[in-house]
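# Fold and contact review
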Amino acid sequence: MSTTSKWDLSQEDIKTAAKDEKELLLEHDSDQDENMLFNRPSTSSTDTKTDGKMDSVRLQIQEVTEVMRENVQKVMERGERLEDLQEASDRLTMAGSEFRATAKKAQQRAWLQNFKTRIILVTITVTVVICIIVLDIMVLYLVLR
């Protein structure tokens, strides 16, 4: 089982492919240089070997051009994906900043509430102690009188 490479083509295949490829490339916005290259008349119409080599070179050029267009398309898609990632990163950064600010405010509120609770407990304790002392002094005063 022998495999043929993409360069082992008959003359008819090359001419047909070249015609199809020309039409395909011309449908896309091709440069004037490409049009001139593909539409230039052959200088050696009698020598089929040279014509075959030219057709082979044209096929190679067309394949390279297609590969380059695919590569450019991939680079553009990658750029779009990177832009999307950058936007997502910016949104996460903003959300993180908002979360940090909200957490700091919540921490301050909790600290203030804790402080108020301690002040109330200390005040109640001091009031109870003062009441006990005052009651003891009054009882002593009444007993000693």
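Throughout, residues of each chain are indexed from 1 in the direction in which the sequence is written. Given that this is a predicted model, residues contribute local features only at a pLDDT of at least 70 and side-chain atom pairs are listed and counted only at 80 or more, while totals for whole chains, interfaces and linings are drawn from all residues. Hydrogens and water are ignored here; the side-chain numbers use all heavy atoms of the structure.

### Focus: the overall build of the protein
Which entries qualify depends on this criterion: Helix and strand labels come from DSSP, where a helix needs a run of H or I of at least four residues and a strand needs a run of E of at least two; each type is numbered from the N terminus. Buried residues are those whose accessible area, probed at 1.4 Å on protein chains only, stays under 20% of the maximum for their type, while exposed residues exceed 50% and partly exposed ones sit between those limits. We call two residues contacting when some pair of their heavy atoms lies within 4.5 Å.
From N to C terminus, the protein includes 3 helices and 0 strands. Counting the 145 residues in the protein, one finds 10% classified as buried. The contacts in the protein between residues at least 6 apart in sequence include a share of 75% that link residues at least 24 apart.

### Here we look at a negative patch on the surface
Quick reminder of the rule: A patch consists of residues whose relative accessible area exceeds 30% and which take part in no salt bridge; residues with like charges are grouped when within 9 Å of each other, and nonpolar side chains (Val, Leu, Ile, Met, Phe, Trp, Tyr) when within 5 Å. Working definition of accessibility: Shrake-Rupley area with a 1.4 Å probe, residue cover restricted to the visible protein chains. The salt bridge criterion pairs a side-chain nitrogen of Lys or Arg with a carboxyl oxygen of Asp or Glu, the two atoms within 4 Å. Here the positive residues are Lys and Arg and the negative ones are Asp and Glu; neither His nor the chain ends is included. In plain terms, the charge of a residue is placed at NZ if it is Lys, CZ if Arg, CG if Asp and CD if Glu.
A cluster of acidic side chains, namely Glu77, Glu80, Glu83, Asp84, Glu87 and Asp90, defines a negative patch on the protein surface. Looking at the secondary structure, you find glutamate 87 in helix H3 (residues 48-144).

### Structural notes on the UniProt feature "transmembrane region" (unreviewed entry) in the protein
We count it as follows: UniProt positions are given in the numbering used here, feature names are shortened, and annotations may be inferred rather than shown by experiment.
UniProt's entry tags residues 119-144 with the feature "transmembrane region" (unreviewed entry), counted in the numbering of this structure. Structurally, residues 119-144 comprises 100% helix and 0% strand, and the distance from its first C-alpha atom to its last is 37 Å.

### Re the pattern of salt bridges
Side chains that differ in sign of charge can pair as their charged atoms come close. In the structure shown here, the tally under the stated rule is 1 salt bridge. For arginine 58, the salt bridge identified is with aspartate 55, shortest N-O distance 3.3 Å. Residue arginine 58 and its partner aspartate 55 are both found in helix H3; the two are separated by 3 residues, about one turn of the helix. When its relative accessible area of 10% is taken as the criterion, arginine 58 is described as buried. Looking at aspartate 55, the relative accessible area reads 6%, which means it is buried.

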